[in-house]
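So you can see what is in the structure, the chains are spelled out below.
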Amino acid sequence: MTNMFKRSLIAMAIAGVSTGAMAADVTPTDTTYATDQFMTTMSEILSKNVALTLNDEYREGDEVYLRLEGDAYISGAPVTVDVNPDLMNLKKGFTLDFRGQFTEGGDTILIYRVAELVNADPQNPLADTTIGVTVDFGRFNFDAPTVVAQDGVMFSTFSRPVDDIWVPGSALGAPVYQFDEVMAPMIDETQLFKMGEQYEIRVETPYEGEIDVWDYRRQFRTDGGSHGDLYSTNEGEFWVVTTENPDANTPADDNGNGEWDFVVNEDLNQDWQVRYTLSGSNMFGWIANDPIQAEAVFSQGNINNCVYVSHTANEFVFDCDETDVPVNLEFDLLGGMDSEQNPKQDGDFMLSATVNWENTDGQYTDAGQVDNIDFPEDGVLGDTTNGSTDLGPVEAGAWGVNGSITHIPYMPYSGQSSSGEVTPISQIVYVTNIYRDPGFDDASDGGQFPDPVGEGETPVNNNVNRIIWVDAVREDGTNFRCENEDLGGKLANYGVTQLAGDIRECLFAQGALGSSAKFSLTVNVADYPTNISVYSAYNVNGSDRGWVQNDSVRVDFDLYDLNEIID
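Because the structure is predicted, anything quoted here is derived from the model rather than measured.

Novice: How should I be thinking about the overall build of the chain in this particular structure?
Specialist: Helices and strands together make up the secondary structure of the chain, namely four helices and 35 strands. Taking all 567 residues of the chain together, the buried fraction comes to 49%. A separation threshold of at least 6 residues defines the contact pool for the chain, and within that pool the share at least 24 residues apart is 77%. In the structure as shown, the chain presents an accessible area of about 25700 Å², 48% of it carried by carbon and sulfur atoms.

Here you go:
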């Protein structure tokens, strides 16, 4: 009978009947969770304690191999590891001697040899065992940039009996004997370091409102079109939050609560710590004051000490003190004396942020030692200890509008010296209303008003009065507004409404046509968007017609999106 067979019989007698191979288990080795930002500042980083549980019978001369992925390992392997005998649980004591550090397959292998075994009960040496004994090798030191480059350090282990040890320099072949092999749920490898982005933007309350065309897009209106209530404020809530570690909400989370072991903090030496940029196409063009008056207010007590920085038509910029603290930003469409009469733009909001951060000795060293929280020494800082992280953009809500809006991107005008003057360039703008029941999407079958689609009388909707209002932007950026009364009180009734002459007269009356110029026009109609289409063109000297494409015919998005005028 061989010694190996005897050892197997002893193991089975102690462990009981087994249905599979026993395992060297590295479950006692916990993962260190460090954010990407933290790791970029470190030159060296320590792991948590490297430990494993033996699950076979060892004898003097057997070897334990610790494989550390890549070449990130620097130091930390103890010269000897002593495990005291445990008489109560009949666990043997022993001493492991460090045999050396070697390289195999691009990885670092640390070899330990069982130098001495001590029986827990000397009077009954066959009653105790090495099965279930946990060996703690302590913390190992690694090169932080290498850890980052190889996305962590996988730690694995295997053991060989004295008559089947690995000779460094030779090929590491398959073992001759089945010895201390893994068996579920035990594991023979684990990740020593896991990293990830520290910050993300969270939008708790997105912006939402419906701009009212009956009030010439100066305020919001509640559901119900012209019968709804006007209001002027809309508040969003958002902030930069610290993420959870990659194993959060899984059994693999060694911290158990999703927390990181190592993070960076806001850099208090910079002029600002967290800078937010709320953006949207012309979403802030209505704000006439710089600095702002009451058009934007940091509400709910401004607990993050946010301050306004600047704004353009497309961006609103502000700074706040901290991450992980909510930001409440409220817009008041009537908050500024010079802003309240300006039309507001419908569209989407996007939110970006930049965090200035730093790492200091105090963030990774501590006089105490609390498990999973801090350690006396955790690494060595590198040369660069601060930086910034850009986040987003992410969606932060939208403002809709309760009517039809058509953008005509280009329309040329000749200079004009008197009202009604015939000019070389004339415009053609028609607004067509098919008066279709918004509950149906089929085209008209030739029925007659008030039943143009032949599906029964179109429902009377008192919320729709079909007023027309036009915004114009001259090529030099000057804005002009033609309210409904400026257009002769015209309505976009069922059929086709000619609008070009009324727009020209409005622009002339406001002094916009002192010389030839190009304009972009926005035609607003208080009616279902699916009812309205706009034709736009121009004539040069009465013969050369130029067709201008506009966006009234839409096939790439939901016409009803954010449009609550529809009953």
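Novice: Got a minute to help me understand the sheet that holds strand β28 (residues 404–413) in this structure?
Specialist: Within a sheet, adjacent strands bond to each other through the backbone by hydrogen bonds, running parallel or antiparallel. Across the sheet, four strands lie side by side as β28-β33-β30-β31; this open sheet has antiparallel pairing. The two strands at the open ends of the sheet, each matched to only one other strand, are β28 and β31 (479–482). Neighbour-to-neighbour, the strand axes of this sheet turn through a mean angle of 20°, independent of strand direction. As defined by bridge partners, strand β30 (residues 468–474) adjoins β31 across four bridges and the pair is classed as antiparallel. By the bridge assignment for β31, V470 is matched with C482.

Novice: Looking at this structure, how should I read helix α4 (residues 500–509)?
Specialist: Turn by turn, an α-helix covers 3.6 residues, leaving residues three or four places apart pointing in a common direction. For α4, the complete set of buried residues consists of A500, D502, I503, R504, C506 and L507. Contact partners of the buried residues in α4: β28, β29 (425–433), β30, β31, β32 (495–498) and β33 (517–525). Following α4 by one or two positions, G511 adopts a phi angle in the positive range, close to 75°.

Novice: It is not clear to me how the pairing of strand β7 (residues 93–104) should be interpreted in this structure. Could you clarify?
Specialist: Every regular strand shows the same layout, with side chains that alternate between the two sheet faces. In terms of strand pairing, strand β6 (residues 80–83) meets β7 through four bridges, oriented antiparallel. Residue pairing in the sheet places V81 in a bridge with L96 of β7. Where β7 meets strand β8 (residues 107–118), eleven bridges bridge the pair, whose relative direction is antiparallel. From the neighbouring strand, Q101 faces β8, where its bridge partner is L110.

Novice: Even after reading the chapter, I still don't get the state of the cysteines, so can you show me in this structure?
Specialist: Disulfides are covalent bonds that connect the sulfur atoms of two cysteines. In this structure the tally under the stated criterion is two disulfides. Across a sulfur-sulfur distance of 2.0 Å, C306 and C320 are joined as a disulfide pair. Residues C306 and C320 are joined by a disulfide whose S-S torsion is about 110°; by sign, that bridge is right-handed. Taken together, the positions of C306 in the loop between β21 (296–298) and β22 (307–311) and C320 in strand β23 (residues 315–320) put the pair 14 residues apart, joining distant regions of the chain.

Novice: What is the right way to look at a negative patch on the surface in this model?
Specialist: Together, D36, D151, E197, E200 and E244 make up a negatively charged patch on the protein surface. With respect to the element layout, D36 can be found in helix α2 (residues 36–40).

Novice: Just checking my understanding: could you explain the environment of G546 for this structure?
Specialist: Mapped onto the elements, G546 comes out in strand β35 (residues 544–547). Under the relative-accessibility criterion, G546 is labelled buried at 14%. Beyond its immediate chain neighbours, meaning those up to four positions away, G546 contacts A537 and Y538.

Novice: What should I look at first to understand the environment of N141 in this one?
Specialist: Relative to the helices and strands, N141 resides in strand β10 (residues 141–143). Sequence separation between N141 and L46 is 95 residues, and the spatial gap between their C-alpha atoms is 4.5 Å. Setting aside its immediate chain neighbours within four residues, N141 contacts E44, I45, L46, A72, Y73, I74 and S75.

Novice: How do you make sense of a nonpolar patch on the surface when you look at a structure like this?
Specialist: Judged by side-chain polarity, Y430, V496, Y535 and W547 come together as a nonpolar surface patch covering roughly 430 Å² of accessible area. Note on placement: Y430 falls in strand β29. Given a relative accessible area of 33%, Y430 falls into the partly exposed group.

Novice: Sorry if this is basic, but what is going on with the pattern of salt bridges here?
Specialist: Opposite charge on two side chains lets them pair, provided their charged atoms get close. Within this structure, the stated rule accounts for 15 salt bridges. The salt bridge partner of R99 is E63, with a shortest N-O separation of 2.9 Å. Of this pair, R99 sits in strand β7 while E63 sits in strand β4 (residues 63–68), and the two are 36 residues apart along the sequence. Of the residues examined, R99 reaches a relative accessible area of 33% and is grouped as partly exposed. Under the relative-accessibility criterion, E63 is labelled buried at 0%. The partner of R67 in a salt bridge is E104, and the shortest N-O contact between them spans 2.8 Å. A residue pair is termed long-range when its members are at least 10 positions apart, and R67 in strand β4 and E104 in strand β7 qualify at 37 residues.

Novice: Would you explain the pairing of strand β20 (residues 274–279) in this entry?
Specialist: Burial runs high along β20: five of the six residues are buried. Direction of pairing for β20 relative to β23: antiparallel, over a ladder of six bridges. Paired with L278 across the strands is F316, a residue of β23. Note: β20 against strand β25 (residues 347–358), six bridges, orientation antiparallel. Its bridge partner lying in β25, L278 is registered against L351.

Novice: Just checking my understanding: could you explain the sheet that holds β32 for this structure?
Specialist: Taking strand neighbours across the sheet as the criterion, the four strands line up as β32-β29-β34-β35 in an open arrangement whose pairing is antiparallel. Every interior strand has two partners, whereas the edge strands, β32 and β35, have only one. Each strand of the sheet is rotated relative to its neighbour by a mean of 25°, with strand direction disregarded. Judged from the four bridges that link them, strand β34 (residues 532–540) and β35 form a sheet pairing that is antiparallel. When the bridges of β35 are listed, V540 appears paired with D544. Lying over the sheet, α4 contacts β29 and β32, oriented at roughly 125° with respect to β29.

Novice: I keep staring at the packing of aromatic side chains and nothing clicks. Help me out?
Specialist: Any aromatic ring pair is given by two values, namely how distant the centres are and how the planes are angled relative to each other. What the rule picks out here adds up to 31 aromatic pairs. Here Y65 and F158 contribute two aromatic rings whose centre-to-centre distance is 4.6 Å and whose plane-to-plane angle is 10°, an arrangement assigned as stacked. Of the two residues, Y65 is situated in strand β4 and F158 in strand β11 (residues 154–160); the sequence distance between them amounts to 93 residues. Assessed through its relative accessible area of 0%, Y65 is described here as buried. Of the residues examined, F158 reaches a relative accessible area of 19% and is grouped as buried. Note on Y410 and Y538: the rings are 6.1 Å apart at their centroids and 75° apart in plane angle, and the pair reads as edge-to-face. Of the two residues, Y410 sits in strand β28 while Y538 sits in strand β34, which places them 128 residues apart along the sequence. Owing to a relative accessible area of 32%, Y410 belongs among the partly exposed residues under this scheme.

Each value, and the rule that gives it
Residues numbered from 1 in each chain as written. Predicted model: local features only at pLDDT ≥ 70, side-chain atom pairs only at ≥ 80, totals over all residues. Heavy atoms only, no water. Helix = DSSP H or I, 4+ residues; strand = E, 2+ residues; numbered from the N terminus. Buried < 20%, exposed > 50% of the residue type's maximum accessible area, 1.4 Å probe, protein only. Contact = heavy atoms within 4.5 Å. Areas by Shrake-Rupley, 256 points an atom, 1.4 Å probe, with all protein chains shown as cover. Pairing = 2+ DSSP bridges. Axes fitted to C-alpha atoms, helices over the stretch in contact; angles between N-to-C directions. Disulfide = S-S within 2.5 Å. Patch = residues over 30% accessible without salt bridge, like charges linked within 9 Å, V, L, I, M, F, W, Y side chains within 5 Å. Salt bridge = Lys/Arg side-chain N within 4 Å of Asp/Glu carboxyl O. Lys, Arg positive; Asp, Glu negative; His and termini not counted. Charge placed at Lys NZ, Arg CZ, Asp CG, Glu CD. Phe/Tyr/Trp six-rings, centres within 6.5 Å; stacked < 30°, edge-to-face > 60°.

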